[in-house]
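Coordinates in review
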Amino acid sequence: GFFTSSTVFEKKITDPRLGELFQKIEAEYNSSDEYKEMGLKISLLSVLLILFRDRTVNRPPESKTPKIALTMRIMSYLREHYAEDVTIEMLEEQFQYSRFYISRVFKEISGKTVVGYLNEIRVSHAREMLECGAERVAEIAAMCGFECQSYFGKVFNYLFIKYKPNKHTAMPAILVIENDSLYKK
């Protein structure tokens, strides 16, 4: 994301937008809203965006700018098409770059693989749907773009159980396959 090693901010920043954002951050921090953490992250990212966009003395090297733009376009595409069967070949055709270039640039800029990022989006949507409890897990997996239910279970457990155990205490700890269907256990 941000190129911090070569960035220098102005000495004194008096931007009313930043003042308003810091007030929002303080209010969000003191709230008991269930989306408090997400609100804090969004506000902090907004602060960083303003600082990097409007208040830096040095800009990112121009050679990185097309890579950033490509990565942002790919991320946007993946967010819009996460429920579809997205392949690296489809991205190659959509963006007119080789699959190797797309994979390398995406990893360089985002720090994630294309498939890893797509799986994070899919599992995030699946988690929201699971919390509502309206559909079966197998149906949710399919609606979020997972063709294989066992793969969905592995990815879900990898992303939300192994690395974020305190975030989802209300969620079932394990997803299992029984009779060709994925269920909460």
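Here, every reference points to the structure presented above.
Keep in mind the model is a prediction, meaning the values are calculated, not measured.

Counting across every chain of the model gives 5 salt bridges. Here glutamate 37 makes a salt bridge to lysine 41, at a shortest N to O gap of 3.2 Å. Residue glutamate 37 and its partner lysine 41 are both found in helix H2 (residues 36–54); the two are separated by 4 residues, about one turn of the helix. The partly exposed category is assigned to glutamate 37, whose relative accessible area is 37%. Look at lysine 41 and you get partly exposed, because its relative accessible area is 49%. Residues lysine 112 and glutamate 120 are paired through a salt bridge, measuring 2.8 Å at the closest nitrogen-oxygen approach. We classify glutamate 120 as partly exposed; its relative accessible area is 30%. In the salt-bridge network here, residues are joined through shared partners; they are Glu89, Glu92 and Arg99.

The subject of this paragraph is the environment of isoleucine 88. One can find isoleucine 88 in helix H4 (residues 88–95). Sequence spacing of isoleucine 88 and arginine 99 is 11 residues, and the spatial spacing of their C-alpha atoms is 6.0 Å.

Next up on the list: helix H3 (residues 65–81). Taking 1.5 Å per residue, 17 residues should reach 24 Å; H3 reaches 24 Å between its end C-alpha atoms and fits that length. The complete set of buried residues in H3 reads Lys67, Leu70, Thr71, Ile74, Met75, Tyr77, Leu78 and His81. All buried residues of H3 project into a common sector of 160 degrees when viewed along the axis, lining one side. Check the buried side of H3 and you find it contacts H4, helix H5 (99–110) and helix H6 (114–132).

Here the focus is helix H1 (residues 16–30). With 15 residues, H1 should cover 21 Å at 1.5 Å per step; its first-to-last C-alpha distance of 21 Å lies within 8% of that length. Every buried residue belonging to H1 is among Leu18, Leu21 and Ile25, and all of these are buried. Within H1, the buried residues cover an arc of 60 degrees as seen down the axis, which keeps them to one side. In H1, the exposed residues that point more than 90 degrees away from the buried face are Pro16, Gln23, Lys24, Glu26 and Asn30.

In this section: the packing of aromatic side chains. Inspection of every chain in the model, using the stated rule, returns 6 aromatic pairs. Centroid distance tyrosine 77 to phenylalanine 95: 5.8 Å. Interplanar angle 80 degrees. Geometry classified as edge-to-face. A residue pair is termed long-range when its members are at least 10 positions apart, and tyrosine 77 in helix H3 and phenylalanine 95 in helix H4 qualify at 18 residues. Assigned by exposure class, tyrosine 77 and phenylalanine 95 land together as buried. Taken together, a centroid distance of 5.1 Å and an interplanar angle of 25 degrees make the contact between tyrosine 97 and tyrosine 101 stacked. According to the relative accessible area criterion, tyrosine 97 is partly exposed, its value standing at 35%. Feature note: the residues Phe146, Tyr151, Phe152 and Phe156 constitute an aromatic cluster, connected by ring pairs. A cation over a ring is seen here: lysine 36 above tyrosine 29, with NZ or CZ 5.1 Å from the ring centre. Sitting above the plane of the phenylalanine 146 ring, arginine 122 keeps its charged end 5.7 Å from the centroid.

A few words on the packing of H4 against H5. Put simply, H4 and H5 touch, their axes get as near as 9 Å, and they point 95 degrees apart. When the axes of H4 and H5 are compared, the pair comes out roughly perpendicular. Residues Ile88, Glu89, Leu91, Glu92 and Phe95 of H4 lie in contact with H5, whose contacting residues are Arg99, Ile102 and Ser103. Taken together, the residues of the contact of H4 with H5 break down into 4 nonpolar, 1 polar and 3 charged.

Reading the values: the criteria
- Residues numbered from 1 in each chain as written.
- Predicted model: local features only at pLDDT ≥ 70, side-chain atom pairs only at ≥ 80, totals over all residues.
- Heavy atoms only, no water.
- Salt bridge = Lys/Arg side-chain N within 4 Å of Asp/Glu carboxyl O.
- Helix = DSSP H or I, 4+ residues; strand = E, 2+ residues; numbered from the N terminus.
- Buried < 20%, exposed > 50% of the residue type's maximum accessible area, 1.4 Å probe, protein only.
- Expected span 1.5 Å × (residues − 1).
- Arc of directions from axis to C-beta.
- Contact = heavy atoms within 4.5 Å.
- Phe/Tyr/Trp six-rings, centres within 6.5 Å; stacked < 30°, edge-to-face > 60°.
- Lys NZ or Arg CZ within 6 Å of the ring centre and 35° of its normal.
- Axes fitted to C-alpha atoms, helices over the stretch in contact; angles between N-to-C directions.
- Parallel < 35°, antiparallel > 145°, perpendicular 65-115°, else oblique.
- Nonpolar A, V, L, I, M, F, W, Y, C, P; charged D, E, K, R; others polar.

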